[in-house]
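Now for the letters of each chain:
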Amino acid sequence: ALIPHSAEIENLMAQVRIYADAAKVPATRKAYAADICDSRDFCARIGQPFFTQGGEILALYLADLARREKKPSTIARRIAAIATEYHSAGYRDSPASSFLVREVLRGLKRTMGTAQERKAPLLLSDIERIVAACPARLIGWRDRALVLLGFALGSRRAELAALEVRDLEFMDQGLVVTIRRGKADQEQQGRKVPVAL
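Conventions we followed
Residues numbered from 1 in each chain as written. Predicted model: local features only at pLDDT ≥ 70, side-chain atom pairs only at ≥ 80, totals over all residues. Heavy atoms only, no water. Helix = DSSP H or I, 4+ residues; strand = E, 2+ residues; numbered from the N terminus. Buried < 20%, exposed > 50% of the residue type's maximum accessible area, 1.4 Å probe, protein only. Salt bridge = Lys/Arg side-chain N within 4 Å of Asp/Glu carboxyl O. Phe/Tyr/Trp six-rings, centres within 6.5 Å; stacked < 30°, edge-to-face > 60°. Lys NZ or Arg CZ within 6 Å of the ring centre and 35° of its normal.

Caption draft 1: Quick look at unusual backbone geometry. One non-glycine residue, Glu-69, lies in the positive phi region at around 60°. As for its placement among the helices and strands, Glu-69 is situated in the loop between α3 (56-67) and α4 (72-88). Since its relative accessible area comes to 69%, Glu-69 is described here as exposed.

This is the structure:
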């Protein structure tokens, strides 16, 4: 609303929306939407508005999340989602930055702990069983190659699924694999990983 809209400005505004949406991966946007829905439901349940000054309502919500045994990582994501919702609505500050909320969050972490559950890694014996179970035909050979390459790279399944033939560079001693994007590489700087054959 800064100046009258022309076709060029409309096109640029559409690009701005696309780039702003790309700042967060779809899974994060989906999780944030669910977080905001849960937070709004809590506010409705206690008869309070979602957008408020100060951090009292958010502090109550954090206590409710802890009572429902939500993990500290989930609670931290909910706070981030709420802060994003406030900023998107044009509020300069969100209750997430209040002293009370920061203290409650610190107390929750001390009380609940912050250790995250980690899935057990696949061991060599697991890989051997998986490879042995692949059928002796084209699809099985493909699956076997992907399992072994994923194990050699130590990569996530999304990184493997995104691989293209152009990402594989065969050398005398092995293979250099270009991982174009990963969970820890949201800006797509990429990395090259050597694999000995």
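Caption draft 2: Fine view of the pattern of salt bridges. With the rule as written, the count across this model stands at 14 salt bridges. A salt bridge links Arg-78 to Asp-35; its shortest N-O distance comes to 2.7 Å. Taken together, the residues span a long stretch of sequence, with Arg-78 in helix α4 and Asp-35 in helix α2 (residues 26-45) at a distance of 43 residues. Each member of the pair Arg-78 and Asp-35 is classed as buried. Measuring nitrogen to oxygen at the nearest pair gives 3.6 Å for the salt bridge that ties Arg-191 to Glu-159. Of the two residues, Arg-191 sits in strand β3 (residues 191-196) while Glu-159 sits in helix α8 (residues 157-161), which places them 32 residues apart along the sequence. When salt bridges that share partners are traced, they join Asp-35, Asp-38, Arg-45, Asp-64, Arg-67, Arg-68, Arg-77 and Arg-78 into one network.

Caption draft 3: The packing of aromatic side chains, seen in detail. Tallying each qualifying case throughout the model produces 6 aromatic pairs. Judged by centre distance (5.8 Å) and plane angle (40°), the ring pair of Phe-50 and Tyr-86 falls under tilted. One end of the pair, Phe-50, is in the loop between α2 and α3; the other, Tyr-86, is in helix α4, and 36 residues separate them in sequence. Judged by centre distance (4.9 Å) and plane angle (15°), the ring pair of Phe-51 and Tyr-91 falls under stacked. Separated by 40 residues along the polypeptide, Phe-51 in the loop between α2 and α3 and Tyr-91 in the loop between α4 and α5 (99-112) bring together distant segments of the chain. Given the relative accessible area of 27%, Phe-51 is considered partly exposed. An aromatic cluster is present here, built from Phe-50, Phe-51, Tyr-86 and Tyr-91 joined pairwise through their rings. Lying across the ring of Phe-50, Arg-40 places its NZ or CZ 4.3 Å from the centre.

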